[in-house]
Amino acid sequence: MSDKETLKQNAALAALKFIEPDMIIGVGTGSTVNYFIDALAKKDYRIKAAVASSLATKKKLIQAGIEVMEVNSIDRIPIYIDGADEATEHLSLIKGGGGALTGEKIVAHIADKFICMIDEAKLVPVLGTFPLPIEVLPIARSLVAREMMKLGGNPMYREGFVSDYGNQIIDVYNLEILDPHALEAQINQIPGVVTNGLFAHRGADHLLIAKSSGVEQLNK
């Protein structure tokens, strides 16, 4: 296992401390989350069930023998555990590199606490080095791309990708995101945008940063 993968696994293991018996937990999507699911399956944490942020996560949870509940069947969950593509010390995030941003945002919204797991390379002073994903209705792809160009971004259509909900993804490069709260709201107002990958209005409550020296925790 590479050093980077070891750090991801360490971050995932650190998230296990938030698990309590008989919990219903939200589970995100991605490589770090996969380590978390693997660890959850090996240990007897006796969670009641999980709410999945994507079809891929739902499949992995079921394969691990964990019951999966649908979002529409539940009002609130105590915790949501996921990774991120970028994070700041203020706990704002960019997510959606894997294309599951809409489901991730929905499950995060119904959680009392959002625990985010990253390796130290993903902690940045300013968001935007990682391209910002935007999920769009197919009819609005060009419109949204033009609007993002007006904001100084370089939008690229994620060819060959369809989201769990039948939509398309635009990845916006070269954005320096100085005010993630404002930009998140602004992009969501563009007609045809389903949601964007900025998690600022609903950022992390706890950020677990895996470093070579150990796992550091930043709190909201």
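Each value, and the rule that gives it
Residues numbered from 1 in each chain as written. Predicted model: local features only at pLDDT ≥ 70, side-chain atom pairs only at ≥ 80, totals over all residues. Heavy atoms only, no water. Helix = DSSP H or I, 4+ residues; strand = E, 2+ residues; numbered from the N terminus. Rg over C-alpha atoms; globule rule 2.2 N^0.38 Å. Buried < 20%, exposed > 50% of the residue type's maximum accessible area, 1.4 Å probe, protein only. Contact = heavy atoms within 4.5 Å. Core = buried A, V, L, I, M, F, W, Y, C linked by side-chain atoms within 4.5 Å. Lys, Arg positive; Asp, Glu negative; His and termini not counted. Salt bridge = Lys/Arg side-chain N within 4 Å of Asp/Glu carboxyl O. Axes fitted to C-alpha atoms, helices over the stretch in contact; angles between N-to-C directions. Parallel < 35°, antiparallel > 145°, perpendicular 65-115°, else oblique. Left-handed = near helix turned anticlockwise from the far one by under 90°. Nonpolar A, V, L, I, M, F, W, Y, C, P; charged D, E, K, R; others polar. Pairing = 2+ DSSP bridges. 1 Å grid on protein atoms, 1.4 Å probe; cavity = no way out; pocket = protein on both sides within 12 Å on 5 of 7 lines; lining within 4 Å. Points joined across faces, edges and corners; volume = space filled by probe spheres on them.

**Q** Help me out: how do you make sense of the overall build of the chain in this one?
**A** Along the chain, the regular secondary structure elements total six helices and 14 strands. A globule of 220 residues ought to have a C-alpha radius of gyration of about 17 Å, and the chain, at 17 Å, matches this closely. When the backbone C-alpha atoms are referred to their principal axes, the chain occupies close to 50 × 40 × 30 Å. For the chain, buried positions account for 52% of its 220 residues. Partitioning the contacts of the chain with sequence separation of at least 6, the portion at a separation of at least 24 is 73%.

**Q** Just to check I follow, could you spell out unusual backbone geometry for this structure?
**A** Across the chain, the bulk of peptide bonds are trans and the bulk of non-glycine residues have phi less than zero. Of note in this structure, leucine 91 is not a glycine but carries a positive phi near 70°. Relative to the assigned elements, leucine 91 resides in the loop between β5 (86-87) and β6 (93-94). Despite not being glycine, asparagine 174 shows a phi value in the positive range, around 65°. Locating asparagine 174 in the fold gives a position in the loop between β10 (168-173) and α6 (180-188).

**Q** Hey, could you run me through the nonpolar core in this one?
**A** Proteins that are soluble and globular tend to have nonpolar side chains buried together. The biggest cluster of nonpolar side chains holds 29 residues, and the ones touching the most others in it are Ile25, Phe36 and Met117. Among the elements that make up this core, the one with the highest residue count is helix α2 (residues 31-42) (six residues). In contact with phenylalanine 36, not counting residues within four places along its chain, are Ala12, Ala15, Leu16, Ile19, Ile25, Ile81 and Met117. The next biggest cluster of nonpolar side chains, apart from the first, holds 20 residues, and it includes Val51, Leu91, Ala108 and Cys116.

**Q** What is the right way to look at the side chain of aspartate 119 in this model?
**A** Of note, aspartate 119 is situated in strand β7 (residues 111-119). Although aspartate 119 is buried, it makes no salt bridge; lysine 122 carries the closest opposite charge, 4.2 Å away. Ignoring any residue separated from it by four or fewer positions in sequence, one finds aspartate 119 in contact with Lys4, Leu7, Lys8, Ile209 and Ala210.

**Q** Any chance you could explain the packing of helix α1 (residues 3-15) against α2 here in plain terms?
**A** If you want to describe how two helices pack, look at the angle between their axes and the distance between the axes. With their axes 8 Å apart at the nearest point, α1 and α2 run at an angle of 55° to one another. It follows from the interaxial angle that α1 and α2 lie oblique. In the crossing of α1 with α2, the sense of the turn from one axis to the other is right-handed. Each of Glu5, Lys8, Gln9, Ala11, Ala12, Leu13 and Ala15 in α1 lies in contact with α2, whose residues at this interface are Ser31, Thr32, Tyr35, Phe36 and Ala39. Its residues assigned to classes, the contact of α1 with α2 shows seven nonpolar, three polar and two charged.

**Q** Honestly, the sheet that holds strand β14 (residues 214-219) in this entry has me stumped. Any pointers?
**A** Strand pairing in a sheet takes place through backbone hydrogen bonds and is either antiparallel or parallel in direction. Pairing within the open sheet is mixed, and its seven strands lie in the order β3-β2-β1-β4-β7-β13-β14. Both outer strands of the open sheet, β3 (68-69) and β14, are each paired with one neighbouring strand and no more. Bridge analysis of strand β13 (residues 206-211) against β14 gives six bridges, and the strand direction is antiparallel. Its bridge partner lying in β14, leucine 208 is registered against glutamine 217.

**Q** Where do I start with the layout of surface pockets in this structure?
**A** Sizing a probe to match a water molecule and rolling it over the atoms shows the empty space that remains. Reported here for the largest pocket is a volume of approximately 300 Å³. If you trace the largest pocket, you find 15 residues lining it, with Ala52, Ser53, Glu70, Val71 and Tyr165 closest to the centre. Only α3 (55-63), β3 and α4 (101-109) provide two or more residues apiece to the lining of the largest pocket. A total of three residues in the lining of the largest pocket trace back to one element, the largest contributor, which is α4. Its residues assigned to classes, the lining of the largest pocket shows eight nonpolar, four polar and three charged. Considering only enclosed or pocket space, the second largest pocket measures out at about 200 Å³ in volume. As for the second largest pocket, its lining consists of 18 residues, and the residues nearest its centre are Thr29, Gly30, Ser31, Ala84 and Asp85. Secondary-structure elements contributing two or more residues to the lining of the second largest pocket are α2 and β4 (77-83). If you tally residues by element for the lining of the second largest pocket, the top one is α2, at three residues. Tallied by class, the residues present in the lining of the second largest pocket amount to four nonpolar, nine polar and five charged.

Keep in mind these numbers describe shape, not what the thing actually does.
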